[in-house]
Amino acid sequence: MAIKENGTFDQQRLPMESVAAITRESLYNEVWAEPVSRVAPRYGISGVALGKVCRKHKIPLPPRGYWAKINAGHSPKKIPLPIAREFENYSLPLSRSRTYDPNNPDASRKKATTAQERIGFVDVPERLESPHPLIKKASKRLRQKSGWDNYKGLRSAPGEIFAFEVTRDAIDRALLIGDTLIKALERQGMKVWVDREKSCTLIGLDETSLTIAISEHVARSKHEVTATEKKAIERWQRSPNRWGTGYHYPRPPDYDHHPTGKLTISIGGYPSRSWGDTPKTPLEQRLHQVVAGALDLIAEHRIRAEEQERRRLLWQTEKDRYDRQVELRKQELEQLEELKVSATQWLEAERLRQYIDAVEQVAIRNAELSDELKDWISWARIKADCMDPLIAVSDAILDGPEPRSPGYYY
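Residues numbered from 1 in each chain as written. Predicted model: local features only at pLDDT ≥ 70, side-chain atom pairs only at ≥ 80, totals over all residues. Heavy atoms only, no water.

### Examining the pairing of strand β5 (residues 255-267)
Within a regular strand, the side chains alternate between the two sheet faces.
Phase 1 of the analysis: Summarising the sheet, strand β4 (residues 208-222) and β5 pair through 10 bridges and their orientation is antiparallel. When the bridges of β5 are listed, E216 appears paired with L263.
Phase 2 of the analysis: Relative to strand β6 (residues 273-276), β5 runs antiparallel, the two being bridged by four bridges. Residue I267 lies in a different strand from β6, and its bridge partner there is R273.
Phase 3 of the analysis: Here β5 folds back onto β6 in antiparallel fashion, the turn holding five residues, of which G268 has a positive phi close to 85°. (Pairing = 2+ DSSP bridges. Helix = DSSP H or I, 4+ residues; strand = E, 2+ residues; numbered from the N terminus.)

Here you go:
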């Protein structure tokens, strides 16, 4: 039953599929039972991402060479899970991937290694030729000299152009990668467009769409006050009207930001994936992985959406059943109250009749049954009948509308 004893609706008790929470202990047991490269696909993320989750939640990972010792028949010592009070009764921000097949645990890992076989190598040309309309528009917008106020020096116009967020020196490379990627996605049947209302760029296949963006990492360092800034501060301190209107303290920035040229392609919100430049592999050589990952994300998103719709329909069915039961209960209570009122009116009418009969009998016995008393007895019996719900009699005075006051005289 989804109805509590007090009559309220309990969504938590719906007969839906339960999802086991991922705790520190459960993830710790997984990463020490199998390599991270095998555990990560179960959650639809990379081994690097899973490593970050473990470090953030103080879950130790097997050191380098641990699995080689295991394969050689040794029993290396495990690092115990440290106590972390802040994560007690805490569920990790992980969920099992909908596309992960427990009967074929290597399938997700093989997808990454066979992305080139599935998609084919995506070759990035040396220069931008016949750019895609989205790239052509983005090129014109990003090269505008004015209108950029980002304190990191990044140029971005979400809702207007493809979701680039890069510095001036990285524009050419970002446009080239974006143009190649868009054309590769379209060859796989996907559409790419800018959603002005949501201020984002979307890729879609059939009725499923995901966000996409290309961004540059900007490093920062502690700002050191320059000689010019020192002179400005000293000049302000010497100014006799420094507290007056128009005199502001010259405040240097806390940090300096430096373009790195390192680009990252991000797709999806939740679940999501990202691909970026690495010390060994530039992003240009990973576009086939990006396209394959986009297809996998869309498939997983579709499965997730179908599951959510199934749950929603199941919830709606239970909610409709609950509403019907509540309405039936309400009607029963209303009818019961009407029954009680009718019974009370009937008892009151019977009590009045008994009293009227007693008055009449006493008057007859005492020879005091006058015409006036007879009129009163007739009037009283009519009133009793009017109160009786079993007798269809209406009282012209009591059942009529209440008198209306004539108001004030002017």
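Back to the write-up after that little detour.
### Describing the confidence of the model for the chain
Phase 1 of the analysis: A residue-level look at the chain finds 88% of positions with pLDDT of 70 or above and a mean pLDDT of 85.
Phase 2 of the analysis: Across residues 1-19, confidence stays below pLDDT 50; counting only partners more than four residues off in sequence or on other chains, it has 34 contacts. (pLDDT = per-residue confidence, 0-100. Contact = heavy atoms within 4.5 Å.)

### Concerning helix α8 (residues 171-187)
Phase 1 of the analysis: Taking 1.5 Å per residue, 17 residues should reach 24 Å; α8 reaches 24 Å between its end C-alpha atoms and fits that length.
Phase 2 of the analysis: Among the 17 residues in α8, 12 count as buried, and that is most of the element.
Phase 3 of the analysis: Within α8, burial applies to I171, A174, L175, L176, I177, G178, D179, T180, L181, I182, A184 and L185. (Expected span 1.5 Å × (residues − 1). Buried < 20%, exposed > 50% of the residue type's maximum accessible area, 1.4 Å probe, protein only.)

### A short note on the pattern of salt bridges
Phase 1 of the analysis: Scanning the entire structure with this criterion turns up 22 salt bridges.
Phase 2 of the analysis: The shortest N-O distance in the salt bridge between R173 and E284 comes to 2.7 Å. Taken together, the positions of R173 in helix α8 and E284 in the loop between β6 and α10 (287-365) put the pair 111 residues apart, joining distant regions of the chain.
Phase 3 of the analysis: Between E300 and R304 there is a salt bridge whose closest N-O contact spans 3.8 Å. (Salt bridge = Lys/Arg side-chain N within 4 Å of Asp/Glu carboxyl O.)

### Quick look at the packing of α8 against α10
Phase 1 of the analysis: Put simply, α8 and α10 touch, their axes get as near as 10 Å, and they point 45° apart. The pairing of α8 with α10 is recorded here as oblique in orientation. Both α8 and α10 take part in a crossing whose hand is right-handed. Between α8 and α10, the residues in contact are I177, T180, L181, A184 and L185 and L287, V290, V291 and A294, respectively. (Axes fitted to C-alpha atoms, helices over the stretch in contact; angles between N-to-C directions. Parallel < 35°, antiparallel > 145°, perpendicular 65-115°, else oblique. Left-handed = near helix turned anticlockwise from the far one by under 90°.)

### Concerning the side chain of R141
Phase 1 of the analysis: Tracing the backbone through its elements, the reader meets R141 in helix α7 (residues 133-142).
Phase 2 of the analysis: Here R141 falls in the buried class, since its relative accessible area comes to 18%.
Phase 3 of the analysis: Sequence-distant contacts of R141, defined by excluding residues within four places in its chain, comprise W148, A157, E160 and I161.

### Things to note about the nonpolar core
Phase 1 of the analysis: Residues F164, L185, M190, I203, I212, I265 and I267 are the most contacted members of the largest nonpolar core, which totals 43 residues.
Phase 2 of the analysis: Those elements that place two or more of their residues in this core are α7, α8, β2 (191-195), β3 (200-205), β4, β5 and α10.
Phase 3 of the analysis: A per-element tally of this core places α8 first, with nine residues.
Phase 4 of the analysis: Contact partners of F164, with chain neighbours within four places excluded, come to I135, A138, L142, R155, S156, A157, A174, L175, G178 and I214.
Phase 5 of the analysis: The next biggest cluster of nonpolar side chains, apart from the first, holds 16 residues, and it includes A40, I59, L92 and L94. (Core = buried A, V, L, I, M, F, W, Y, C linked by side-chain atoms within 4.5 Å.)

### Quick look at unusual backbone geometry
Phase 1 of the analysis: Positive phi, normally seen in glycine, also occurs at N89, with a value near 55°.
Phase 2 of the analysis: Considering the arrangement of structural elements, one finds N89 in the loop between α4 (66-71) and α5 (107-113).
Phase 3 of the analysis: Owing to a relative accessible area of 83%, N89 belongs among the exposed residues under this scheme.
Phase 4 of the analysis: Even without glycine at this site, S130 takes up a positive phi of about 45°.
Phase 5 of the analysis: Here S130 shows up in the loop between α6 (115-119) and α7.
Phase 6 of the analysis: Look at S130 and you get exposed, because its relative accessible area is 63%.

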